[in-house]
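# A structural walkthrough
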Amino acid sequence: MYLKKLSLTNFRSYQELSLEFQSGLTIFTGDNAQGKTNILEAIYLLSVAKSHRTNRDREMIHLERDYAKIEAEVATKSFDFNLEIVLNNRGKIAKFNHIEQPKLSHFIGKMHAIMFAPEDMQLIKGSPSLRRRFIDVELGQASPIYLSELLDYNRILKQRNAYLREFGRSSIFDQIYFDILTEQLIEKSLIIIENRVKFVIALEELAIPIHRDLSNQRDDLSVEYIPNSKRLDYTQLETLKDQFYVLFSESLEQEKNRRTTLYGPHRDDLKLSINGQEAQQFGSQGQQRTIVLSLKLAETELIYQLTNEYPILLLDDVLSELDDNRQHILMNHIKDKVQTILTTATIEGLKVHQMEHAEIYEVTKGFVTNLNGKKGS
Ligand SMILES: Nc1ncnc2c1ncn2[C@@H]1O[C@H](COP(=O)(O)OP(=O)(O)OP(=O)(O)O)[C@@H](O)[C@H]1O
Ligand SMILES: [Mg+2]
């Protein structure tokens, strides 16, 4: 699929911006703080209904305005559709083909986009919650059912934690009620874990050869979804239900003391290793960047396998950090099949052989000028 048109109203530094895109490569260039990333952020927001760099939606509304609107026209192999998000003081309104969606989960994943931004390096260095979020966001784009199961899981977890917090050590602890919550939690855990395990196995399979190419055949990547307890074994999914029942019954006292749910997918992690060594501890900056890039490219393939459409690839300021060889491999990978929209401070030195076909825009103080001859607005 590809983005054909984008219109912004009061989004970040843009009061009005209207752009048309081609299905190949688009480059936004310009000095720092001119508004390049803002454009990618708006596109990404249409895909997962969340910014890649803030949890506070208000930040995305122009400072002197009280609402922001992002509109897009998207083309797929079989039909075109329209997306719209309005941000205001009351929250978010999301429309698909001009019809307001009752739940954001109905809107998420209509347009698939994969973002690779500097923030994504945290995928390796940051906390497990960021790696879980990576899985959830990507899986959620491809599978709306997963998203609704995850919301259910989080709701039950919240209830169970609230009960432990309130009555953990009290004499009116209602074991029967608590067991029902535990049972519901385990049921949802099994669904979440099974989906995540399958996703990670498929992602790993696609990422390994990409990563070998990007590392000049030097490094073997491994990606593994791991539980936060040594007593759980996710390679044995058939027995997982029993494993959880035993673990929860034996940890009841500990959970009452700690007043929170100690085991389950809300505490799991993604383990990334190169040649058997954990990337977080041993990987160099360059190696870590190569891993993230491999995962993102593997995701574009995975989304294609699942939906028969390539997602839109958004690359924020990452190209200049890659050496010539990696830039080549990256561009070869997306050639002619993945719409790619990227930002870079300067186009000098970029070894992008599709450059001659690229649509190039210069961004200056929130104004966008087409350098191929046409004027943007
Ligand atoms: N809500 C907002 N209202 C008005 N302006 C905003 C708002 N949020 C951000 N900006 C402005 O947008 C600009 C930053 O835009 P952006 O992050 O897209 O820059 P950039 O071109 O990607 O820069 P860099 O090359 O440093 O990454 C800043 O000048 C900032 O003041
Ligand atoms: Mg930027």
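Refer to the structure above for everything that follows.
If you're wondering where the values come from, they're calculated on a predicted model, not measured in any experiment. (Residues numbered from 1 in each chain as written. Chains lettered and ligands numbered in written order. Predicted model: local features only at pLDDT ≥ 70, side-chain atom pairs only at ≥ 80, totals over all residues. Heavy atoms only, no water.)

## A short note on the site of ligand 1
- Ala-33, Lys-36, Thr-37, Asn-38 and Ile-61 are the nearest of the 15 residues found near ligand 1.
- Within the side chain of Asn-32, an N or O atom sits 3.0 Å from an oxygen atom of ligand 1.
- Within the backbone of Glu-59, a nitrogen or oxygen atom sits 2.9 Å from a nitrogen atom of ligand 1.
- Protein coverage of the free-state accessible area of ligand 1, which is 660 Å², stands at 73%.
- Looking at the shell around ligand 1 residue by residue, the classes come out as 3 nonpolar, 7 polar and 5 charged. (Near = heavy atom within 4 Å. Polar contact = N/O pair within 3.5 Å; in protein donor to acceptor, adjacent residues only side chain to side chain. Areas by Shrake-Rupley, 256 points an atom, 1.4 Å probe, with all protein chains shown as cover. Nonpolar A, V, L, I, M, F, W, Y, C, P; charged D, E, K, R; others polar.)

## Structural notes on the sheet that holds strand S3 (residues 25-29)
- Strand order in this open sheet of 6 strands is S8-S12-S13-S3-S14-S15, and the pairing throughout is mixed. The open sheet is flanked by strand S8 (113-116) and strand S15 (367-370), the only strands paired with a single partner. Each neighbouring strand pair of the sheet contributes to a mean axis angle of 20 degrees, computed without reference to strand direction.
- Its contacts with the sheet place helix H10 (residues 285-307) against S8 and strand S12 (312-316), and it is angled at close to 175 degrees to S8. (Pairing = 2+ DSSP bridges. Helix = DSSP H or I, 4+ residues; strand = E, 2+ residues; numbered from the N terminus. Axes fitted to C-alpha atoms, helices over the stretch in contact; angles between N-to-C directions. Contact = heavy atoms within 4.5 Å.)

## Some words on the nonpolar core
- Ile-135, Tyr-234, Phe-244, Ile-291, Leu-295 and Leu-330 are the most contacted members of the largest nonpolar core, which has 66 residues in total.
- Tallying contributions element by element places helix H6 (residues 175-214) first for this core, with 13 residues.
- Not counting residues up to four positions away in its chain, the partners in contact with Leu-295 are Leu-123, Phe-134, Leu-203, Ala-207, Val-223 and Leu-272.
- Listed in part, the 44 residues of the second largest apolar core include Met-1, Ala-94, Ala-113 and Tyr-361. (Core = buried A, V, L, I, M, F, W, Y, C linked by side-chain atoms within 4.5 Å. Buried < 20%, exposed > 50% of the residue type's maximum accessible area, 1.4 Å probe, protein only.)

## Regarding the packing of aromatic side chains
- Under the criterion given, the structure shown has 12 aromatic pairs.
- Centroid distance Phe-173 to Phe-178: 5.0 Å. Interplanar angle 55 degrees. Geometry classified as tilted.
- For Phe-173, a relative accessible area of 13% gives the class buried.
- For Phe-178, a relative accessible area of 2% puts it in the buried group.
- With 5.6 Å between their ring centres and 15 degrees between their planes, Tyr-225 and Tyr-234 make a pair best called stacked.
- Residue classification places Tyr-234 among the buried residues on the basis of a relative accessible area of 6%.
- Here the aromatic residues Tyr-163, Phe-167, Phe-173, Tyr-177 and Phe-178 are joined through ring pairs into a cluster of three or more.
- Geometry around Phe-96 places Lys-110 over its ring, the cationic atom sitting 4.7 Å from the centre.
- The ring of Phe-173 carries the charged tip of Lys-256 above its face, separated from the ring centre by 4.2 Å. (Phe/Tyr/Trp six-rings, centres within 6.5 Å; stacked < 30°, edge-to-face > 60°. Lys NZ or Arg CZ within 6 Å of the ring centre and 35° of its normal.)

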